[in-house]
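Survey of secondary and tertiary structure
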Amino acid sequence: MKKTIVVLAALALMMGSAYAAEWNFYGSARIATFWDDTDIISGDDGNTQYSEYLQVNARIGANVKVSDELTGRFEYGASGGNANIRLLYGQWDFGAGKLTVGQDYAPMSWLWSNQVYGHDGDLLAQGALYSHRAAQIRLDFDGFKIAFLNPDTTVNNNGAGYAGDDQVIIPAIEVGYTLDLDMLVLDFGAGYSTFETTVGSDEEDVDSYVLGLGAQFNTAGFFMKGDVYYGQNAGNLIWISVDGDTAINDGFAEVSGGKLIDNQCIGFMLVAGYKINDTFTVEAGYGYNQTDLDDNDEDEDESATYYINTTINLAPGVFVVPEIGFLDGSEDGDTETIYYGMKWQINF
């Protein structure tokens with residue numbers, strides 16, 4: 001009987017808290033319909049293939065407001081056709097700044113491209129500075145952000161296996177700063193992580209860092225956005241792909257010949273467009289990545305991505321985005337893909 005009373009009291013408390021909070025639900029249904037033709041450099045030529053799928057970033061979620069000081073958000077996606085947590089965090093405004101606890105976009109996540117191929121690829125692994133959504137403890141102070149995250153301990157590129165033991169002592173650290181100058185917005189970002197791994201009988205430090213600079217310009221319907229980054233073993237901090245595909249598996253240190261080899265990484269992206277009217281917006285984009293292992297061999301690898309699209313608004317919250325683009329690898333075994341098609345989206 002006592003247990004029943006306790007349970008009922010807990011439920012009543014939860015219901016009271018729920019009614020006290022403001023819940024604003026939202027959703028976004030996204031379908032992609034594309035034709036693509038992929039060739040392997042120095043290999044087989046592919047055939048044109050059609051695909052239609054629910055995008056992994058289709059979503060449903062809610063913004064929650066308990067008070068002016070305490071808010072939260074959750075968002076579920078559709079990865080692999082199954083619900084997955086995209087966002088789940090709480091935020092406390094303590095006056096001088098804000099404390100965020102949970103899974104959110106890390107400070108080095110600049111979502112500036114509107115490329116729609118590859119589940120709204122946005123050039124995220126093709127030159128954009130994108131650290132992804134991650135569990136974190138973050139502090140925000142008037143344009144400045146600092147976050148502490150669990151380090152990525154991947155070693156070797158392209159998903160190659162590695163049997164070493166890892167030891168993590170400190171969290172990864174990311175910082176970002178936004179300077180708003182009205183028509184021009186400047187962004188600065190940096191990240192660092194380190195962990196130990198075994199290479200043969202030795203312990204080696206895998207040190208990763210990234211420095212990024214970005215700018216956004218907007219006037220009279222015309223906009224331009226771009227970033228550039230440089231780093232070492234940057235794949236442990238941001239998304240990188242240099243094989244002419246959309247796989248996120250490059251930019252890591254390599255273990256070869258019984259030693260650890262660092263990987264130098266550089267990339268940039270640029271998008272420009274024009275909002276013709278409330279119905280049509282045209283955008284073109286270019287992204288570039290390059291990685292180079294520090295072993296004095298010819299291990300430099302690079303890729304480039306191009307696209308042009310038009311956002312067509314059919315009604316409030318209803319739009320389509322026809323797009324054509326090209327993903328261009330450079331090495332034997334890399335791929336070259338030309339694609340064309342459309343994204344269909346309804347926000348509710």
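Each remark here, short or long, concerns the structure printed above.
As the structure is a computational prediction, the values presented were derived from the model and not from experiment. (Residues numbered from 1 in each chain as written. Predicted model: local features only at pLDDT ≥ 70, side-chain atom pairs only at ≥ 80, totals over all residues. Heavy atoms only, no water.)

Description of the side chain of asparagine 157
Rules: In this description a helix means any DSSP run of H or I spanning at least four residues, a strand means any run of E spanning at least two, and both kinds are numbered starting from the N terminus. Any N or O atom pair separated by 3.5 Å or less is treated as a polar contact, with the protein-specific requirement of one donor-capable and one acceptor-capable atom, and with residues adjacent in sequence counted only for side-chain atom pairs. Contacts between residues were defined by any pair of non-hydrogen atoms, one from each residue, lying within 4.5 Å.
By the secondary structure assignment, asparagine 157 is in the loop between β8 (144-149) and β9 (166-167). A distance of 2.9 Å separates polar atoms of two side chains, one belonging to asparagine 157 and the other to glutamate 254. Residues in contact with asparagine 157, not counting those within four places in the same chain, are Asn249, Asp250, Gly251, Phe252, Ala253, Glu254 and Asn263.

So, the packing of aromatic side chains
Put simply, the rule is: Two rings belonging to Phe, Tyr or Trp (six-membered ring only in the last case) form a pair when the distance between their centres is within 6.5 Å. Interplanar angles under 30 degrees mark stacking, angles over 60 mark edge-to-face geometry, and anything in between is tilted. Note on classification: 1.4 Å probe, protein chains only; a residue is buried when its accessible area is under 20% of the maximum for its type, exposed when over 50%, partly exposed between these limits.
The tally for this structure, following the rule as stated, stands at 18 aromatic pairs. Arranged with centres 6.0 Å apart and planes meeting at 20°, the rings of tryptophan 23 and phenylalanine 25 form a pair that is stacked. What makes phenylalanine 25 exposed here is its relative accessible area of 57%. Relative to tyrosine 50, the ring of tryptophan 35 lies with its centre 4.9 Å away and its plane at 50°, an arrangement referred to as tilted. Residue tryptophan 35 is located in strand β1 (residues 22-40), and its partner tyrosine 50 is located in strand β2 (residues 49-54); the two are separated by 15 residues in the primary sequence. When its relative accessible area of 38% is taken as the criterion, tryptophan 35 is described as partly exposed.

Brief notes about the nonpolar core
To keep it simple, the criterion reads: In these notes, a set of buried Ala, Val, Leu, Ile, Met, Phe, Trp, Tyr and Cys residues joined through side-chain atoms within 4.5 Å is what counts as a nonpolar core.
Judged by nonpolar contacts, the single largest core of 25 residues is most densely connected at Leu129, Val210, Tyr229, Ile238 and Ile240. Elements that contribute at least two residues to this core include exactly β1, β16 (263-275) and β19 (318-328). Beyond its immediate sequence surroundings of up to four residues, leucine 129 is in contact with Met108, Ser109, Trp110, Val210, Gly212, Asp227, Tyr229 and Ile238. In terms of nonpolar packing, the next biggest core, distinct from the first, is built from six residues, Phe195, Val206, Ala253 and Leu260 among them.

Some thoughts on a negative patch on the surface
Put simply, the rule reads: In this scheme, patches are assembled from residues that exceed 30% relative accessible area and form no salt bridge. Like charges are connected within 9 Å, while nonpolar side chains (Val, Leu, Ile, Met, Phe, Trp, Tyr) are connected within 5 Å. All accessible-area figures derive from a Shrake-Rupley calculation using a 1.4 Å probe, and residue coverage is judged against the displayed protein chains alone. Any carboxyl oxygen of Asp or Glu within 4 Å of a side-chain nitrogen of Lys or Arg constitutes a salt bridge here. Counted as positive: Lys and Arg. Counted as negative: Asp and Glu. His and the chain ends are not counted at all. We put the charge of a Lys on NZ, of an Arg on CZ, of an Asp on CG and of a Glu on CD.
A contiguous patch of negative charge on the surface is contributed by Asp165, Asp166, Asp202, Glu203 and Asp205. Considering every element that reaches the negative patch, the biggest residue donor is strand β12 (residues 202-219), with three residues.

Side note on the pattern of salt bridges
Counted by the stated rule, this structure contains nine salt bridges. Glutamate 75 is paired through a salt bridge with arginine 59; the nearest N and O atoms lie 3.9 Å apart. In this pair, glutamate 75 is assigned in strand β4 (residues 70-77) and arginine 59 in strand β3 (residues 59-65), connecting sequence segments 16 residues apart. With a relative accessible area of 1%, glutamate 75 lands in the buried category. Linking aspartate 140 and arginine 138 is a salt bridge whose minimum nitrogen-to-oxygen distance equals 2.8 Å.

Some points on unusual backbone geometry
One non-glycine residue, asparagine 156, lies in the positive phi region at around 85°. With respect to the helices and strands, asparagine 156 occurs in the loop between β8 and β9. Phi at alanine 220 is positive, roughly 50°, even though this residue is not glycine. Structurally, the position occupied by alanine 220 is in the loop between β12 and β13 (222-232).

Honestly, it's all geometry; don't read function into it.
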